Amino acid sequence: MTDEVAVLGAGMHPWGKWGRSFVEYGTVAARAALADAGIDWRRVGSIVGADTVRGGYPGYVAGATFAKALGWQGARVASVYAACASGAQAVSTARAQILSGLADVVLVVGADAAPKGFFRPAGGDRADDPDWLRFRVLGATNPTYFGLYARRRMAVHGDTPEDFAQVKVKNAAMGALNPNARYRKRVTAEEVASSAVVADPLRLLDICATSDGGAALVLSSMEFARRHGAADPVRIRAVSTVTPRYPSTVLDLPDIATDSAVSVEPADETFRASIARAAYEEAGIGPRDLSLAEVYDLSTALELQWYEDLGLCGEGGGAKLLAEGATALGGRIPVNVSGGLSSFGEAVPAQAIAQVCELTWQLRGTAGDRQVAGARVGVCANQGLFGHGSAVIAVR
């Protein structure tokens, strides 16, 4: 176990399609987090920005961009990018700065202004870029992979489109209660089934949209938190940013082939399962200790996969766990009580930070109608392109 850092503040700009700059979304979220923490911006010793590749040069140096927007005051600055795991990388960087003594208070910010429709590769020809290749050689957008994942679950575990639809029904019910969510309307399984097919077997309501949004956290040393009057703050106990192990025998974004396992035995666990295990080991806990989880439901089928990767059930048991009501609010281990990506859509650099915001509000007991009773330990998990693991464990 490593030392803990305190979460003094959490803030968000609501998700949606607002037609404005990512800088505005991030600045609103940052100010909300600072206000929540009761910290003046001038007391922040460092700012870590999660980069966006859609905001031009300012997006590539997000830390400095947000520092300038808030007003230059001499703080350290860092900018990180790890695709969907960018937010967790930013949290990890902030935590390292705090534990090393470089800063007592660090502001973490991520925001995105996403395009309409599917994400696409950056411009130019790059024949050595796997992400460029999968678009140009196969025409494989993200939902293509989501459909392949779903088909694999159907073939290996016997999941059905009806199982996938129930994930959407559950998450939409939670999103309807979340003022920061983009989609705040309950849906029925029949509505999921009647929505347009996007990547067979997945329909429009099975996959997440692309969204604008921003999220921010104010982190500090435990000593600073005590001096600041926060006697019992939410604490980050573990951050997992592990990479896969060779050989990878299951197709994953953005690859167009798996590794050969002829000469090297595959690892005993999948990449996503290793992300969770590393977090559990660092925190000194296990799946049975969790009060709730926030996972990266890029599609309904992927949420079921995360149940298994987090150890909430055995392999192939995701659909059964869902059907039992265990992952709903009031169940044994509620998952995505924020509404998940299903209700938010994907604002890439902000998403992992938003997950920690939700854990913070839940562990404080301030999540309102979607509150998990007695929440004390939460995990959030996602995965970024090119082997970026992402999991954070928060406790109170």
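Residue indices follow the written sequence of each chain, beginning from 1 at its first position. pLDDT decides what is reported in this predicted model: residues at 70 or higher carry local features, side-chain atom pairs at 80 or more are listed and counted, and totals for whole chains, interfaces and linings draw on all residues regardless. Hydrogens are left out, water is left out, and the side-chain values use all remaining heavy atoms of the structure.

The chain goes by Lipid-transfer protein in an unreviewed UniProt entry, where it is assigned to Streptomyces dioscori.

S.K.: Quick question: what am I supposed to make of the sheet that holds strand 8 (residues 234–240) here?
M.R.: What holds strands together in a sheet is hydrogen bonding between their backbones, with the strands either parallel or antiparallel. By this definition, two strands are paired if DSSP reports at least two bridges between them. Helix numbers and strand numbers start at the N terminus; a helix is a DSSP run of H or I with at least 4 residues, a strand a run of E with at least 2. Strand order in the open sheet formed by 9 strands is 3-2-4-7-1-8-11-10-9, with mixed pairing between adjacent strands. In this open sheet, the two strands that pair with only one neighbour each are strand 3 (76–80) and strand 9 (292–295). The mean angle between the axes of side-by-side strands here comes to 25 degrees, regardless of whether they run parallel or antiparallel. Both strand 1 (residues 5–16) and strand 7 (residues 212–220) contribute to a ladder of 8 bridges, which runs antiparallel. All axes are obtained by fitting lines to C-alpha atoms, using only the stretch in contact for helices, and the reported angles, taken between N-to-C directions, cover 0 to 180 degrees.

S.K.: Honestly, the pattern of salt bridges in this entry has me stumped. Any pointers?
M.R.: Side-chain pairs of opposite charge can arise where the charged atoms are in close proximity. Put simply, a salt bridge is a Lys or Arg side-chain nitrogen that is within 4 Å of an Asp or Glu carboxyl oxygen. This model, assessed by the stated rule, comprises 23 salt bridges. Between aspartate 200 and arginine 151 there is a salt bridge; the shortest N-O distance is 2.5 Å. With aspartate 200 in the loop between strand 5 (197–199) and strand 6 (202–203) and arginine 151 in helix 6 (residues 142–157), the pair connects residues that are 49 residues apart, well separated along the chain. Linking glutamate 358 and arginine 370 is a salt bridge whose minimum nitrogen-to-oxygen distance equals 3.0 Å. Of the two residues, glutamate 358 is situated in helix 14 (residues 348–364) and arginine 370 in the loop between helix 14 and strand 10 (377–384); the sequence distance between them amounts to 12 residues. There is no split in this pair, since glutamate 358 and arginine 370 are both buried. Within the structure, one salt-bridge network assembled from shared partners comprises Asp104, Glu223, Arg226 and Arg227. Relative accessible area decides the class of each residue, using a 1.4 Å probe on protein chains only: under 20% of the type maximum gives buried, over 50% gives exposed, and in between gives partly exposed.

S.K.: Mind showing me how you'd approach the UniProt feature "domain: Thiolase N-terminal" (unreviewed entry) in the chain here?
M.R.: UniProt positions are given in the numbering used here, feature names are shortened, and annotations may be inferred rather than shown by experiment. Here, UniProt's "domain: Thiolase N-terminal" (unreviewed entry) annotation points to residues 5–221. Secondary structure within residues 5–221 divides into 41% helix and 20% strand; the distance between the first and last C-alpha atoms comes to 5 Å.

S.K.: What is the right way to read the pairing of strand 2 (residues 46–50) from this model?
M.R.: Every other side chain in a regular strand lies on the same face of the sheet, so the side chains alternate between the two faces. With respect to burial, strand 2 is a largely interior element, 5 of its 5 residues being buried. With 5 bridges connecting them, strand 2 and strand 3 associate as parallel partners. Across the sheet, the residue bridging to isoleucine 47 is valine 77, located in strand 3. Sheet topology places strand 2 next to strand 4 (residues 105–112); 5 bridges connect them, and they run parallel. Paired with isoleucine 47 across the two strands is leucine 107, which belongs to strand 4.

S.K.: How should helix 7 (residues 161–175) be read in this particular structure?
M.R.: Residue count minus one, scaled by 1.5 Å, sets the expected span of a helix. In this model helix 7 runs 21 Å from its N-terminal to its C-terminal C-alpha over 15 residues, within 8% of the 21 Å that 1.5 Å per residue would give. Those residues of helix 7 that fall on the buried side of the exposure criterion are Phe164, Ala165, Val167, Lys168, Lys170, Asn171, Ala172, Ala173, Met174 and Gly175. As for helix 7, its buried residues are in contact with helix 6, helix 8 (189–194), strand 6, helix 11 (300–309), helix 12 (318–323) and helix 13 (340–344). Contacts: residue pairs with any heavy atoms within 4.5 Å of one another.

S.K.: Whenever I open this one, the nonpolar core confuses me. Can you help?
M.R.: Nonpolar side chains tend to gather and get buried jointly when the protein is soluble and globular. Remark: nonpolar core denotes a set of buried residues (Ala, Val, Leu, Ile, Met, Phe, Trp, Tyr, Cys) joined through side-chain atoms within 4.5 Å. Ranked by internal contacts, the top residues of the largest apolar core, which has 50 residues, are Phe146, Leu290, Tyr307, Leu310, Leu312 and Ile393. Of all the elements in the fold, those that place two or more residues in this core are helix 6, helix 7, helix 10 (271–283), strand 9, helix 11, helix 12, strand 10 and strand 11 (388–395). Among the elements that take part in this core, helix 10 stands out by supplying 6 residues, more than any other. The next biggest cluster of nonpolar side chains, apart from the first, holds 43 residues, and it includes Ala90, Val106, Ala215 and Ala352.

S.K.: Help me out: how do you make sense of the packing of aromatic side chains in this one?
M.R.: Both the distance between ring centres and the angle between the ring planes are used here to describe each pair of aromatic rings. Centres within 6.5 Å are what make two rings of Phe, Tyr or Trp a pair, Trp counting through its six-membered ring; a difference in plane orientation under 30 degrees is then read as stacked, over 60 as edge-to-face, and the rest as tilted. According to the stated counting rule, one finds 3 aromatic pairs in the structure shown. When the centroid spacing of 5.3 Å and the interplanar angle of 80 degrees are considered together, the rings of tryptophan 15 and phenylalanine 344 count as edge-to-face. One end of the pair, tryptophan 15, is in strand 1; the other, phenylalanine 344, is in helix 13, with 329 residues separating them in the sequence. The same class applies to tryptophan 15 as to phenylalanine 344, namely buried. With 5.8 Å between their ring centres and 75 degrees between their planes, phenylalanine 22 and phenylalanine 66 make a pair best called edge-to-face. Residue phenylalanine 22 is located in helix 1 (residues 22–37), and its partner phenylalanine 66 is located in helix 3 (residues 62–70); the two are separated by 44 residues in the primary sequence.

S.K.: Is there a simple way to explain the state of the cysteines in this structure?
M.R.: A covalent bond between the sulfur atoms of two cysteines is what we call a disulfide. Only a pair of cysteine sulfur atoms within 2.5 Å counts as a disulfide in this structure description. One pass over the full model with this rule turns up 0 disulfides. A disulfide-free cysteine, cysteine 208 has its sulfur positioned 8.3 Å from the sulfur of cysteine 84, the nearest such atom. Unpaired in terms of disulfides, cysteine 313 finds its nearest cysteine sulfur in cysteine 380, a separation of 19 Å. According to the relative accessible area criterion, cysteine 313 is buried, its value standing at 18%.

S.K.: Please clarify how the layout of surface pockets should be interpreted in this entry.
M.R.: A water-sized probe rolled over the atoms picks out the places where empty space is left. Quantified by volume, the largest pocket comes out at close to 920 Å³. Ser248, Val250, Thr270, Phe271 and Arg272 are the residues nearest the centre of the largest pocket, which is lined by 39 residues in total. Of all elements in the fold, only helix 6, helix 10 and helix 11 reach the threshold of two or more residues within the lining of the largest pocket. Counted by class, the lining of the largest pocket contains 16 nonpolar, 11 polar and 12 charged residues. Definitions used for this entry: grid spacing 1 Å over protein atoms alone; cavity, a set of points where a 1.4 Å probe fits but cannot get out; pocket, an open set with protein on both sides within 12 Å along at least 5 of 7 lines; lining residue, one with an atom within 4 Å of a point. As for the second largest pocket, its lining consists of 33 residues, of which Tyr81, Ala83, Asp131, Arg134 and Leu385 are closest to the centre. Elements supplying a minimum of two residues to the lining of the second largest pocket: helix 5 (130–138), helix 6, helix 11 and strand 10. Here the lining of the second largest pocket takes 3 residues from helix 5, the largest share from any one element. Grid points are joined across faces, edges and corners, and a volume is the space filled by probe spheres set on the points. All residues other than Ala, Val, Leu, Ile, Met, Phe, Trp, Tyr, Cys, Pro, Asp, Glu, Lys and Arg, Gly among them, are scored as polar; the first ten of these are nonpolar and the last four charged.

S.K.: Can you walk me through the domain arrangement of the chain in this structure?
M.R.: Accessible area lost on assembly of the parts is the figure often given for the size of an interface. What the domain assignment reports for the chain is domain 1 (5–117 + 212–235) and domain 2 (130–205 + 237–395). Those domain boundaries reflect an automatic or database domain assignment. For domain 1 versus domain 2, the separation of C-alpha centres amounts to 24 Å. On the side of domain 2, 38 residues touch domain 1, which itself brings 42 residues to the contact. Two parts lose some accessible area (1.4 Å probe) when they are put together, and adding that loss for both gives the buried area. Here domain 1 meets domain 2 over a buried area of about 3000 Å², counting both sides, of which 66% is carbon and sulfur. The largest share of the area that domain 1 buries against domain 2 comes from Trp15, Cys84 and Arg235, three residues that together contribute 25% of it. For the pair domain 1 and domain 2, the interface holds 2 salt bridges. The salt bridge partner of arginine 364 is aspartate 36, with a shortest N-O separation of 2.8 Å. The term polar contact refers here to a pair of N or O atoms within 3.5 Å; inside protein, the definition further demands a hydrogen-donor-capable atom paired with an acceptor-capable atom, and it admits residues adjacent in sequence only when both atoms are side-chain atoms. Our enumeration of links across domain 1 and domain 2 arrives at 9 residue pairs in polar contact (both at pLDDT 80 or more). Put simply, the parts of the chain that give the side of domain 1 that touches domain 2 at least two residues each are strand 1, helix 4 (86–99), strand 4, strand 7 and strand 8. Among the elements that take part in the side of domain 1 that touches domain 2, strand 1 stands out by supplying 9 residues, more than any other. Across the side of domain 1 that touches domain 2, the residue classes break down as 23 nonpolar, 11 polar and 8 charged.

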